Amino acid sequence: MKILVVGSGGREHAIVWKMAQSPSVEKIYCAPGNGGISSLAECLPIKALDIDGIVKFAKENSIDMVVVAPDDPLAAGMVDALEAEGIRAFGPRKNAAILEASKAFSKDLMKKYNIPTAKYEVFDDSEHTVEYLRHQEYPIVVKADGLALGKGVIIAQGFDEAQEAVNSIMNDKVFGSAGSRVVIEEFLVGPEVSILAFTDGKTVVPMVSSQDHKRALDNDQGLNTGGMGTFSPSRIYTPEIAEYCMENIYKPTIEAMNSENRKFKGVLYFGLMLTKDGPKVLEYNARFGDPETQVVLPRLQSDLVEIFNAIIDEKLDAIDVKWSDSAAVCVIMASGGYPQQYKTGYEITGITEAERDSNIVVFHAGTKCEDGKYYTAGGRVLGVTALEHTLDEAIKKAYEGVAKVSFKDVHYRKDIGIK
Ligand code: AMP
Ligand code: GLY
């Protein structure tokens, strides 16, 4: 098979890496890809949001399957456009990707179908929002409705902070049209777990659990980022919780989407908070998480291409998805200054040395490759991932890998996997 993966981050590197292990794969392309991906796939100068460019390339090159990994092309209808041309595409259609693209939609869906989530209100104008906020208890959560690169959530400690958040989202439009509506949500407390699930709209197969570290600095200090590291499995996601979530969250969500004529096919990501009143959904993502994928896919023993094919054909029930009992840890090595200003273009050394250990794989998030050398090219640069028997061993191994890699101004957390 000839495969085209759309996207350019560590998640896409992990997807390409796993698909490349499938005996059915002849050639992989990635658009636009990155330095590390270019060692496994031919990278194309087509942007991830260029629907016409992707469709044209897939048609002209007889691509057998296009895997759309990032949220924005999914929300913009890339899968629909590919299918309209008879091209097999993996990922939800636009009318299902709305589960991530509109928080107001997802909250209303959960309310309608009794799926546990925080209490909330949706507003279309800032005046009513601010009026409502005057009479609430704090902290409270202010969320831009649309896609905001993971930055559209503000936890306000008091009225002034909430008002400021609403002004910047709705009036100053810091997230563009994503802020035309806001969701104001009850503040929940508890540990967070990420569950990615394969689904063909009929069967839902949760993957192994993982946890993300979103803040930039150790001990969950500093600014929110796209994710500074992950580990799998979660220590707190017990079989009892998994069972509860299957019956009360995963299956009901798939059924709710079917009832709304929005069949969801692809990977559905459940961002859960384990509160004292039970697990609740914080958010849905319509795709693999980043950097969750980097610890989940290395534990997958089954053929990922076979799973994607089964989902496209709605035959996921016929597949036995197998996982290893191992533990995985991914430490993100970022450019100093991320998630704010940072410089790029620095040479990276030591990746080959780190990967000499067969239990380590270095996924590239933001790199470019020139004349056989790697250079930094983004905020998140690398995800050094280790697979071991236990989490403690995997943490140790991942940091052994990190110690071998260097570039100017590197920043990483020292406490990944420890929470
Ligand atoms: P989201 O993009 O919706 O996952 O939100 C980003 C982060 O904000 C989550 O991972 C949580 O840490 C936090 N968050 C979101 N909603 C709530 C909530 N209702 N209560 C407490 N924290 C929240
Ligand atoms: N790691 C969180 C996300 O992918 O949205």
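Structure: see above.
To start, this report covers the structure provided alongside it. This structure is a prediction, so every number in the text was calculated from the model and none was measured.

What counts, and where the lines are drawn
Residues numbered from 1 in each chain as written. Chains lettered and ligands numbered in written order. Predicted model: local features only at pLDDT ≥ 70, side-chain atom pairs only at ≥ 80, totals over all residues. Heavy atoms only, no water. Near = heavy atom within 4 Å. Polar contact = N/O pair within 3.5 Å; in protein donor to acceptor, adjacent residues only side chain to side chain. Areas by Shrake-Rupley, 256 points an atom, 1.4 Å probe, with all protein chains shown as cover. Nonpolar A, V, L, I, M, F, W, Y, C, P; charged D, E, K, R; others polar. Buried < 20%, exposed > 50% of the residue type's maximum accessible area, 1.4 Å probe, protein only. Helix = DSSP H or I, 4+ residues; strand = E, 2+ residues; numbered from the N terminus. Pairing = 2+ DSSP bridges. Phe/Tyr/Trp six-rings, centres within 6.5 Å; stacked < 30°, edge-to-face > 60°. Lys NZ or Arg CZ within 6 Å of the ring centre and 35° of its normal. Contact = heavy atoms within 4.5 Å. Axes fitted to C-alpha atoms, helices over the stretch in contact; angles between N-to-C directions.

What about the site of ligand 2?
1) Next: Lining the immediate surroundings of ligand 2 are Asp212, Gly226, Tyr269, Asn285, Arg287, Gly289, Asp290, Pro291 and Glu292.
2) Next: In this structure, an oxygen atom belonging to ligand 2 sits 2.9 Å away from a side-chain N or O atom of Arg287.
3) Next: Burial of ligand 2 by the protein amounts to 89% of the accessible area it has alone, namely 200 Å².
4) Next: Across the shell around ligand 2, the residue classes tally to two nonpolar, three polar and four charged.

A short note on the pairing of strand β9 (residues 182-186)
1) Next: For β9, the tally of buried residues reaches four of five residues, placing the bulk of the element in the interior.
2) Next: One ladder, built from four bridges, connects strand β6 (residues 120-123) with β9; its direction is antiparallel. Counterpart to Glu121 in the pairing with β9 is Ile184.
3) Next: In terms of strand pairing, strand β7 (residues 140-144) meets β9 through five bridges, oriented antiparallel. Paired with Lys143 across the two strands is Val183, which belongs to β9.

Observations regarding the packing of aromatic side chains
1) Next: One pass over the full model with this rule turns up 10 aromatic pairs.
2) Next: Ring centres of Tyr29 and Phe57 lie 5.0 Å apart, and the angle between their planes is 70°; on these two criteria the pair is classed as edge-to-face. With Tyr29 in strand β2 (residues 27-32) and Phe57 in helix α2 (residues 51-60), this residue pair connects regions lying 28 residues apart in the sequence. Grouping residues by exposure puts Tyr29 and Phe57 together as buried.
3) Next: Relative to Phe270, the ring of Tyr250 has its centre 4.5 Å away and its plane inclined at 45°; by these criteria the two rings are tilted. You can see Tyr250 sitting in helix α9 (residues 239-259) and its partner Phe270 sitting in strand β16 (residues 266-275), a full 20 residues away along the chain. Here the two residues Tyr250 and Phe270 agree in accessibility, since each one is buried.
4) Next: Put simply, the rings of Phe90, Phe198, Phe288 and Phe308 touch in pairs and so form one group of aromatic residues.
5) Next: Lying across the ring of Tyr412, Lys414 places its NZ or CZ 4.5 Å from the centre.

A closer look at α2
1) Next: Where α2 is concerned, the buried positions are Ile51, Gly53, Ile54, Val55, Phe57 and Ala58.
2) Next: In this structure, the buried side of α2 is in contact with β1 (2-7), β2, β4 (65-68) and α4 (78-84).
3) Next: Looking at the residues trailing α2, positive phi occurs at Ser62, about 45°.

Notes on the side chain of Ser326
1) Next: Position of Ser326 among the secondary structure elements: in the loop between α11 (304-312) and β18 (327-335).
2) Next: What makes Ser326 buried here is its relative accessible area of 13%.
3) Next: A polar atom in the side chain of Ser326 sits 2.4 Å from the side chain of Ser324.
4) Next: Non-local contacts of Ser326, meaning those with residues more than four positions away in its chain, are made with Ser232, Pro233, Arg299, Leu387, Glu388 and His389.

A look at the sheet that holds strand β17 (residues 278-285)
1) Next: Sheet architecture is open: four strands sit in the order β11-β10-β16-β17, paired in antiparallel fashion. In this open sheet, the two strands that pair with only one neighbour each are β11 (204-206) and β17. On average, adjacent strands in this sheet sit at an angle of 35° to one another, irrespective of strand direction.
2) Next: Relative to β11, strand β10 (residues 192-199) runs antiparallel, the two being bridged by three bridges. Residue Thr199 lies in a different strand from β11, and its bridge partner there is Val204.

Observations concerning the sheet that holds β9
1) Next: Spatially, four strands are ordered β6-β9-β7-β8 in an open sheet, and the strand pairing comes out antiparallel. The sheet is open, and its two borders are formed by β6 and β8 (153-156), each paired with just one other strand. Averaged over all pairs of adjacent strands, the angle between strand axes in this sheet comes to 20°, irrespective of strand direction.
2) Next: Strands β6, β7, β8 and β9 of the sheet are contacted by helix α6 (residues 103-112), whose axis makes an angle of about 140° with β6.
3) Next: Set on the sheet, helix α8 (residues 159-171) makes contact with β6, β7, β8 and β9; between it and β7 the angle comes to about 5°.

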